[in-house]
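Commentary on secondary and tertiary structure
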Amino acid sequence: MFFTTGDLTTLGTDGKPPMSAKGKQALLDAIQGGMGFVGVHAASDTFHTPPDTPDLSNRYIAHGEQQDPYLKMLGAEFIIHGREPRLQDANVIVNDPNSRGWKA
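Residues numbered from 1 in each chain as written. Predicted model: local features only at pLDDT ≥ 70, side-chain atom pairs only at ≥ 80, totals over all residues. Heavy atoms only, no water.

A few words now on the environment of S44. Within the element layout of this structure, S44 appears in the loop between α1 (21-32) and α2 (69-74). Sequence separation of S44 and T4 is 40 residues, and the distance between their C-alpha atoms is 8.0 Å. Those residues within four positions of S44 in sequence are excluded, and the remaining contacts are L71, L74, A76, E77 and F78. (Helix = DSSP H or I, 4+ residues; strand = E, 2+ residues; numbered from the N terminus. Contact = heavy atoms within 4.5 Å.)

Oppositely charged side chains may form a pair once their charged atoms are brought near each other. Tallying each qualifying case throughout the model produces four salt bridges. Its salt-bridge partner being E65, residue K72 comes within 3.2 Å of it at the nearest N-O pair. Look at the salt bridges and you will find they share partners, linking D45, D52 and R59 into a network. (Salt bridge = Lys/Arg side-chain N within 4 Å of Asp/Glu carboxyl O.)

In the structure shown here, the tally under the stated rule is four aromatic pairs. Residues F37 and Y70 carry aromatic rings whose centres are separated by 6.1 Å and whose planes lie at 80° to one another, so their mutual orientation is edge-to-face. Taken together, the residues F37 in the loop between α1 and α2 and Y70 in helix α2 connect sequence positions 33 residues apart. Taking the relative accessible area as the measure of exposure, Y70 reaches 0% and is therefore buried. (Phe/Tyr/Trp six-rings, centres within 6.5 Å; stacked < 30°, edge-to-face > 60°. Buried < 20%, exposed > 50% of the residue type's maximum accessible area, 1.4 Å probe, protein only.)

Looking now at the nonpolar core. F2, L27, L28, I31, A43, F47, Y70 and L71 together form the largest nonpolar core, which totals eight residues. Those elements that place two or more of their residues in this core are α1 and α2. For this core, the leading source of residues is α1, giving three residues. Among residues more than four places away in sequence, those in contact with I31 are F37 and M73. (Core = buried A, V, L, I, M, F, W, Y, C linked by side-chain atoms within 4.5 Å.)

What follows covers the side chain of T46. One can find T46 in the loop between α1 and α2. A polar contact of 2.6 Å, which involves the side chain of T46, links it to the side chain of T4. Only 3.3 Å separates the side chain of T46 from the backbone nitrogen of T5, close enough to count as a polar contact. Filtering out sequence-adjacent residues up to four positions away, T46 remains in contact with T4, T5, G6, L8, Y70 and L71. (Polar contact = N/O pair within 3.5 Å; in protein donor to acceptor, adjacent residues only side chain to side chain.)

This is how it looks when you write it as structure tokens:
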């Protein structure tokens with residue numbers, strides 16, 4: 001499950017190590033191979049096609065084959081959010097914790 005934002009292959013503000021390029025490719029390969037993927041809200045705000053310009057103008061361009069492979073897999077790209085983010089708590093119910101790919 002992805003509730004992510006930004007380029008996960010660069011060091012973020014959370015202090016966690018970034019995802020390697022090899023790790024990103026392994027994720028995409030696993031999804032292409034049939035592993036489940038759930039992208040929640042901001043998941044489409046992840047891995048924007050470079051350059052990710054401060055004015056966001058690059059996000060309004062159809063990049064075709066140059067689009068980031070994650071966004072191609074997802075089928076959409078987050079462009080901009082409203083000025084006052086309204087956050088909402090949510091519960092996730094795991095019906096089968098033994099299903100393929102689930103790790104607690």
